[in-house]
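Fold and contact review
Listed below are the residues making up each chain.
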Amino acid sequence: MQVKLHHYDLKLKHNFKISRLSFDIKPTLIVELISDGISGFGEATENAYYELDKHKIASDITEIIPIIEKSGNLSPDEFWNILNPLLTHNRFALCALDIAFHDLFARKKGKKLYELWNLDISNNPLTNYTIGISTIDEMVSKMKEMPWPIYKIKLGTPNDIEIVKVLRKETNAIFRVDANCGWTVEETVKNAIILKDLGVEFIEQPLKADDYLGHAEVFKHSVLPIIADESCIEEEDVLKCHNYFHGVNIKLMKCGGITPALRMIAQAKSLGLKTMVGCMTESTIGISAIAHLLPFLDYVDMDGALLLEKDIATGISIDFGKTIYSLENGTGARLISQ
């Protein structure tokens, strides 16, 4: 099995801002695994919060290429289990390899990934579209630019309630809000009452990731469901979130790919937690992988490629929140010739 690494800088349509950072360009690394003339593709983007850039991701993959090259005949579980001990410090690299291997494995079987898993895609959840923090006028403009059935609104500003009130005047769409660790317990409990009346479905990660005393208070008193994001990174975090959150947002890059994500989803369901998968502002390579998990999920945030000025790949497409799968096998994703 051959390994190829492709570096890109993904330019966004608009500056994307959350409570702790903003960016106009998202560097990304595409991993291509080639076997028997067939290519599988995976992706990992840079992330300052997790202190990983695409060069670190690439160098950690490069170091283990001899091991990867000998692993072409394994199952996805076996492949992940071999690489996991070598990449415990870099889950983003592990994710890119795991997605690429799942894609390749399914393509070699002549099936789409969801077909390989015998999943029914007829009742897939719709994806939200994210409105990043900006001036209220600009947030309204972004929403009007992309009419959508569900919006995720990034919050964590001094005027959060005013933002949601103004946006609500513009649409009857479902709202979800994400404070990205930007609120206190008191703010969350108070805001939840107002936001519920404004048609908000749930609040994502209002408090800092490790504030479990605060999470317990919010869980006890919030009138809206609370979904963990920064508090749910790897597999062991799902159990930690039980009785502190109503659901978990699992991100493939944070946990190390599709293989652990499947286990996390199953565990979350067994604990009665709502299941969600989110994206990290990546291209259609990464988004197409998320799409095959949809039958397992209650909610999904897979709008990353929609935020780009220009995509680098083909694969799934999204029409007013609904996922349309590629005719190709595997994840269906493929790099566009640049």
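Residues numbered from 1 in each chain as written. Predicted model: local features only at pLDDT ≥ 70, side-chain atom pairs only at ≥ 80, totals over all residues. Heavy atoms only, no water.

**Some thoughts on the side chain of Glu230**
By the secondary structure assignment, Glu230 is in the loop between strand 8 (226-228) and helix 10 (236-241). Engagement of the side chain of Glu230 in a polar contact is seen with the side chain of Asn180, the distance being 3.0 Å. Ignoring sequence-local partners within four residues, the contact set of Glu230 consists of Arg20, Tyr49, Tyr50, Asn180, Cys181, Gln205, Ala209 and Lys254. (Helix = DSSP H or I, 4+ residues; strand = E, 2+ residues; numbered from the N terminus. Polar contact = N/O pair within 3.5 Å; in protein donor to acceptor, adjacent residues only side chain to side chain. Contact = heavy atoms within 4.5 Å.)

**Concerning the pattern of salt bridges**
On inspection of all chains with the given rule, the structure shows 19 salt bridges. One salt bridge connects Asp60 with Lys56, and the closest N-O pair in it is separated by 3.2 Å. Taken together, the positions of Asp60 and Lys56, both in helix 1 (residues 54-63) and four residues apart, correspond to about one turn of that helix. Exposure remark for Lys56: the relative accessible area of 36% places this residue in the partly exposed category. Glu328 serves as the salt-bridge partner of Arg334, at 2.9 Å between the closest nitrogen and oxygen. For Arg334, a relative accessible area of 32% translates into the label partly exposed. On the basis of relative accessibility, which here comes to 28%, the residue Glu328 falls in the partly exposed class. One salt-bridge network, in which partners are shared between bridges, spans Lys152, Lys154, Asp178, Glu204 and Asp301. (Salt bridge = Lys/Arg side-chain N within 4 Å of Asp/Glu carboxyl O. Buried < 20%, exposed > 50% of the residue type's maximum accessible area, 1.4 Å probe, protein only.)

**Describing the UniProt feature "domain: Mandelate racemase/muconate lactonizing enzyme C-terminal" (unreviewed entry) in the chain**
UniProt records the feature "domain: Mandelate racemase/muconate lactonizing enzyme C-terminal" (unreviewed entry) for residues 136-225 in the present numbering. Structurally, residues 136-225 is divided into 47% helix and 17% strand, and its ends, taken at the C-alpha atoms, are 25 Å apart. (UniProt positions renumbered as here; feature names shortened; annotations may be inferred.)

**What about unusual backbone geometry?**
With a phi angle near 70°, Cys181 is a residue other than glycine that sits in the positive phi range. Mapped onto the elements, Cys181 comes out in the loop between strand 6 (174-178) and helix 8 (185-197). By relative accessible area, which is 12% here, Cys181 ends up buried. Positive phi is not limited to glycine here, since Gln205 has a value of about 40°.

**As for the environment of Glu51**
Tracing the backbone shows Glu51 in the loop between strand 3 (38-45) and helix 1. The class for Glu51 is exposed, based on a relative accessible area of 73%. In sequence terms Glu51 and Asp229 are 178 residues apart; their C-alpha atoms lie 17 Å from each other.

**Remarks on the pairing of strand 3**
Burial runs high along strand 3: seven of the eight residues are buried. As paired elements, strand 2 (residues 22-35) and strand 3 share eight bridges and run antiparallel to each other. Note that in strand 3 the partner of Val31 across the bridge is Gly42. Connecting the antiparallel pair strand 2 and strand 3 is a turn made up of two residues, with Asp36 showing a positive phi of about 55°. (Pairing = 2+ DSSP bridges.)

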